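# A look at the structure
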Amino acid sequence: MASETHDLWPEDLATSTVVPPVAILREQAAALAKRTNGLIEGEVVSRPERHRPSEPGHPFLHEFWLRAPAFDDYRCKLLDLRHGFDLYPVSLRYKLDPQDEVQASTEADFKRVLAEVFSRPKTRQVIAALLSQIEK
Amino acid sequence: MATFLFWNVNGKPLEEIVRNLARGHDVDVLILVESTIPPGRMLETLNRGGRRMYHFAYPSLQRMAIYMRYSLARHHVIDEDRGTRVTIREITIPLGIPILLVAAHLPSKLRWSNQSQTLWCPRIADRIRRAEEAVGHSNTVLVGDLNMNPFDDGLIGANGLHATMARDVARKGTRRVLREDFPYFYNPMWPLLGDAGIGRPSGTYYHRRGQPVEFFWNMFDQVLIRPALLDLFRNEELTIVTDDGSTRLLSGAGRPRKKTVSDHLPVAFTVDL
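Note that the coordinates shown come from a computational prediction; the quantities given were computed from them, not determined experimentally. (Residues numbered from 1 in each chain as written. Chains lettered and ligands numbered in written order. Predicted model: local features only at pLDDT ≥ 70, side-chain atom pairs only at ≥ 80, totals over all residues.)

So, about the overall build of chain B. Along the backbone of chain B there are five helices and 17 strands. Its C-alpha atoms give chain B a radius of gyration of 18 Å, near enough to 19 Å, the size a compact globule of 273 residues would have. With respect to the three principal axes, the spread of C-alpha positions in chain B is 55 × 50 × 35 Å. Taken across its 273 residues, chain B has 47% of its residues classed as buried. In chain B, of all internal contacts separated by at least 6 residues, the share reaching a separation of at least 24 is 63%. (Helix = DSSP H or I, 4+ residues; strand = E, 2+ residues; numbered from the N terminus. Rg over C-alpha atoms; globule rule 2.2 N^0.38 Å. Buried ≥ 20, exposed ≤ 12 C-beta atoms within 10 Å, placed from the backbone. Contact = placed C-beta atoms within 7 Å.)

A word on the nonpolar core. All names here are of chain B. Tyr67 and Val102 are the most contacted members of the largest nonpolar core, which has 101 residues in total. Ranked by residues supplied to this core, first place goes to strand 7 (residues 98-105) with six residues. Ignoring any residue separated from it by four or fewer positions in sequence, one finds Val102 in contact with Val86, Ile88, Ile128, Thr140, Val141 and Leu142. (Core = buried A, V, L, I, M, F, W, Y, C linked by C-beta atoms within 7 Å.)

All names here are of chain A. Where helix 1 (residues 21-35) meets helix 2 (residues 107-118), the closest approach of the two axes is 11 Å, and the angle between their N-to-C directions is 35 degrees. Crossing geometry of helix 1 relative to helix 2 is assigned as right-handed. On helix 2, the residues that touch Pro21, Ile24 and Gln28 of helix 1 are Phe110, Lys111 and Leu114. Across the contact of helix 1 with helix 2, the residue classes break down as four nonpolar, one polar and one charged. (Axes fitted to C-alpha atoms, helices over the stretch in contact; angles between N-to-C directions. Left-handed = near helix turned anticlockwise from the far one by under 90°. Nonpolar A, V, L, I, M, F, W, Y, C, P; charged D, E, K, R; others polar.)

Another aspect to go through is the sheet that holds strand 3 (residues 74-83) of chain A. What links the strands of a sheet is backbone hydrogen bonding, and the strands pair in either a parallel or an antiparallel sense. Residue and element names in this part refer to chain A. Taken in spatial order, the five strands of this open sheet run 1-2-3-4-5, and their pairing is antiparallel. Strand pairing shows two members of the sheet lacking a second neighbour, strand 1 (41-47) and strand 5 (100-104), which therefore form its edges. Along the sheet, successive strands turn relative to each other by an average axial angle of 25 degrees, direction set aside. Summarising the sheet, strand 1 and strand 2 (residues 60-68) pair through seven bridges and their orientation is antiparallel. Paired with Glu41 across the two strands is Arg67, which belongs to strand 2. (Pairing = 2+ DSSP bridges.)

Turning our eyes to something else, we now look at the pairing of strand 17 (residues 267-271) of chain B. All names here are of chain B. A large share of strand 17 lies buried, amounting to five of its five residues. On strand 17, burial covers both faces: Val267, Phe269 and Val271 on one face and Ala268 and Thr270 on the other are all buried. Two strands pair when backbone bridges link them, and strand 1 (residues 2-8) and strand 17 are joined in this way by five bridges, in the antiparallel orientation. Bridging across to strand 17, Thr3 finds its partner in Thr270.

Moving on to the sheet that holds strand 17 of chain B. All names here are of chain B. Taken together, the six strands give an open sheet; going across it, the order is 3-4-2-1-17-16, and neighbouring strands pair in mixed fashion. A strand with exactly one partner marks an edge of an open sheet, and here the two such strands are strand 3 (55-56) and strand 16 (239-240). Relative to strand 4 (residues 64-68), strand 3 runs antiparallel, the two sharing two bridges. By the bridge assignment for strand 4, His55 is matched with Met68. Helix-sheet contacts for helix 2 (residues 39-47) involve strand 3 and strand 4, and the interaxial angle to strand 4 is about 30 degrees.

This part covers the confidence of the model for chain B. With 99% of its residues at a pLDDT of 70 or more, chain B has an overall mean of 94. Two summary scores accompany this predicted model of the complex, namely pTM at 0.89 and ipTM at 0.78. (pLDDT = per-residue confidence, 0-100.)

When two helices pack together, their arrangement is given by the angle between the helix axes and by the axis-to-axis distance. All names here are of chain B. In the contact formed by helix 1 (residues 15-24) and helix 2, the axes pass within 9 Å of each other and the chain directions differ by 45 degrees. If you check the angle between helix 1 and helix 2, you find them oblique. In this structure, helix 1 meets helix 2 at a crossing whose hand is right-handed. Residues Glu15, Glu16, Val18, Arg19 and Ala22 of helix 1 form the contact with helix 2, whose participating residues are Arg41, Met42, Thr45 and Leu46. (Parallel < 35°, antiparallel > 145°, perpendicular 65-115°, else oblique.)

Each α-helix winds once per 3.6 residues, and so residues spaced three or four apart point in a common direction. In this model helix 1 of chain A runs 21 Å from its N-terminal to its C-terminal C-alpha over 15 residues, within 8% of the 21 Å that 1.5 Å per residue would give. Turning to helix 1 of chain A, its buried residues are A:Pro21, A:Leu25, A:Ala29, A:Leu32 and A:Ala33. Down the axis of helix 1 of chain A, the smallest arc covering the buried residues is 120 degrees, so these residues share one side. Across helix 1 of chain A from its buried face, at more than 90 degrees, point the exposed residues A:Ala31, A:Lys34 and A:Arg35. Contacts made by the buried residues of helix 1 of chain A are with strand 1, strand 2, strand 3, strand 4 (90-94) and helix 2 of chain A together with strand 3 of chain B. One or two positions beyond helix 1 of chain A, positive phi appears at A:Asn37, with a value near 60 degrees. (Expected span 1.5 Å × (residues − 1). Arc of directions from axis to C-beta.)

We now examine the interface of chain B and chain A. Taken together, the contacts link 15 residues of chain B with 13 residues of chain A. At six residues, helix 2 of chain B tops the list of elements feeding residues into the side of chain B that touches chain A. In the side of chain B that touches chain A, the residues fall into 10 nonpolar, three polar and two charged.

The omega torsion across A:Tyr88 and A:Pro89 is 5 degrees, close enough to zero to call that bond cis. Mapped onto the fold, A:Pro89 is located in the loop between strand 3 and strand 4. Across the junction of A:Asp97 and A:Pro98, the peptide omega takes the value 0 degrees, indicating a cis bond. Even without being glycine, A:Asp73 reaches a positive phi, approximately 55 degrees. Among the secondary structure elements, A:Asp73 is positioned in the loop between strand 2 and strand 3. Of note, the phi angle at B:Glu34 is positive, near 55 degrees, even though the residue is not glycine. Along the chain, the position of B:Glu34 falls in the loop between strand 2 (29-33) and helix 2.

So this is what it looks like as structure tokens:
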């Protein structure tokens, strides 16, 4: 006779008030599309840990791409983001020139770092170059 | 629920009318063919003052453009073929089921004979079946300027698009011909063909030549639905569009205004996904 299955998981399973970095990235992807009338989209790609066995301690990797569907779907990686199960701190690697790595210890800190990266001359230059080449 | 609008814009810069149609019909997926409107301009026009953004879904087919209010992440190209002039996309509607959108612009009767059109349809049907196998479902909507009427052999034939006028026939799923099963499409355009709809056009495309056989009105722009979506599709939500709220797409004589607008009328429909 089969025994009844009991749910042994805690009542407060999966409750968190922390906004994960990837949610912030997705918000910013949508904001970029809105700001440019859909001419440039932000695309967030999350990759599982198994692709990076050499980087223990950072099981989550998220990439943020700039994408211009109306310019032959041109894509350019702006940054990637690594963090552990704690969600913060995050390690942000800027992929345009000059490449560098920035740490953010909290959600607020991460938003500050993102705003700084979005304001960099190279980021602005790439976006301007894409916008100027899309036929209207 | 997802609302679709398809229109052959006849190579005209009709972005303002397209925008009005998209707004007026609350369109989620907009498919244009014979479009020479640069996607950048169309996006800016569509998104001007809009609450929900349109995204350009980058078809590589010549003069075809798909814009949708779903994130590009919800959309995947399954098959796209310049030869058959068909693109097949899987779109996952938020809180809905995934659908396979087949958008087509098939060769014109002005250049291809009926026999050539008929012979081409099995290639398209095969691509659709392969795409359905690849995604694991047949929640398929085919929409396009098929350049054939609902009664043409390419639409009717079992190894063609196999599109029947009757829901109860389509609901059987497949039909066996010489030991092979062929899946049905349901073709809801049939009731719109002719004068049954008082005050409505009798087709989507009007053409008159000096030949003995002439239909005048043709239903080249069609939507076909696989049986899996039959219960989610209501015929009363399928319309041949005749104005954008401010511009009439028909002349005073009731024909498409081909010189100033387009020789085709748009088709709008909703699937309750």
